[in-house]
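For reference, the chains in residue letters:
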Amino acid sequence: MRSFLISDNRDTLIGMKMAGIDGVIIRERQEVIEKIEELKKTDDIGIIIITEKISLMVNDYVYKLKLSKDKPLIIEIPDRHGSNKGQDSILRYIKESIGLKI
């Protein structure tokens, strides 16, 4: 299984390429959705990595994909400017996902 990056900036793409992860730069909502749909049909892509800005663009679409439990797994990462979700984003995500308070 391979990973693939959908980024909104060149710095994140270059960093991931240095780690051996292919990707593209996309800045339009519909193009992001089309690329994810294309990647879903690819058997060897197990993880799609998207930047937080991309995630905000297609938040409703990504949320539905995560609830469907289909592959590939979609992971959101901050870009070089850092996260805009706050320090407790992982705890908040767990609480929203399974209702567990930590």
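Up top is the structure.
Residues numbered from 1 in each chain as written. Predicted model: local features only at pLDDT ≥ 70, side-chain atom pairs only at ≥ 80, totals over all residues. Heavy atoms only, no water.

(A) Region of the structure containing the pairing of strand β1 (residues 2-7). Bridge analysis of β1 against strand β3 (residues 45-51) gives 5 bridges, and the strand direction is parallel. The residue bridging Leu 5 from the neighbouring strand is Ile 49, located in β3. Bridge count between β1 and strand β2 (residues 22-25): 4 bridges; the pairing is parallel. Bridge pairing links Phe 4 to Asp 22 in β2. Once the chain exits β1 it traverses helix α1 (residues 10-18) before rejoining the sheet at β2, and the crossover so formed is right-handed. (Pairing = 2+ DSSP bridges. Helix = DSSP H or I, 4+ residues; strand = E, 2+ residues; numbered from the N terminus. Right-handed = clockwise from strand over helix to strand, strands pointing away.)

(B) Representation of the nonpolar core within the structure. In terms of nonpolar packing, the biggest core is built from 16 residues, with Ile 6, Val 32, Ile 36, Ile 48, Ile 50, Val 58 and Ile 74 touching the most fellow members. Elements supplying a minimum of two residues to this core: β1, α2 (29-40), β3 and α4 (59-68). Other than its neighbours up to four places away in sequence, Ile 48 contacts Phe 4, Ile 6, Ile 36, Leu 39, Pro 72, Leu 73, Ile 74 and Ile 75. Met 16, Ile 21, Ile 49 and Ile 77 belong to the second-largest nonpolar core, a separate cluster that totals 6 residues. (Core = buried A, V, L, I, M, F, W, Y, C linked by side-chain atoms within 4.5 Å. Buried < 20%, exposed > 50% of the residue type's maximum accessible area, 1.4 Å probe, protein only. Contact = heavy atoms within 4.5 Å.)

(C) Geometry of the pattern of salt bridges. Taken as a whole, this structure holds 6 salt bridges when the rule is applied. Note that Asp 22 is salt-bridged to Arg 2, the shortest N-O span being 3.4 Å. Placement of Asp 22 in strand β2 and of Arg 2 in strand β1 is noted, with a sequence separation of 20 residues between them. Residue class for Asp 22 comes out partly exposed when judged on its relative accessible area of 40%. (Salt bridge = Lys/Arg side-chain N within 4 Å of Asp/Glu carboxyl O.)

(D) A look at the environment of Ile 50. Tracing the chain through its elements places Ile 50 in strand β3. For the pair formed by Ile 50 and Asp 8, sequence separation is 42 residues and the distance between their alpha carbons is 8.6 Å. Not counting residues up to four positions away in its chain, the partners in contact with Ile 50 are Ile 6, Ser 55, Val 62, Ile 74, Ile 75, Glu 76 and Ile 77.

(E) Summary view of the sheet that holds strand β4 (residues 73-77). Spatially, the 4 strands line up as an open sheet ordered β2-β1-β3-β4, and their pairing is parallel. Two strands lie at the open edges of the sheet, namely β2 and β4, each paired on one side alone. Taking each pair of neighbouring strands and ignoring which way they run, the sheet shows an average axis angle of 20°. Sheet analysis places β3 next to β4, joined by 5 bridges and oriented parallel. Among the inter-strand pairings, Ile 48 is bridged to a residue of β4, identified as Ile 74. Packing against the sheet, α2 makes contact with β1, β2, β3 and β4, and its axis sits at approximately 175° to β1. Contacts from α4 reach β3 and β4 within the one sheet, and its direction differs from that of β4 by about 135°. (Axes fitted to C-alpha atoms, helices over the stretch in contact; angles between N-to-C directions.)

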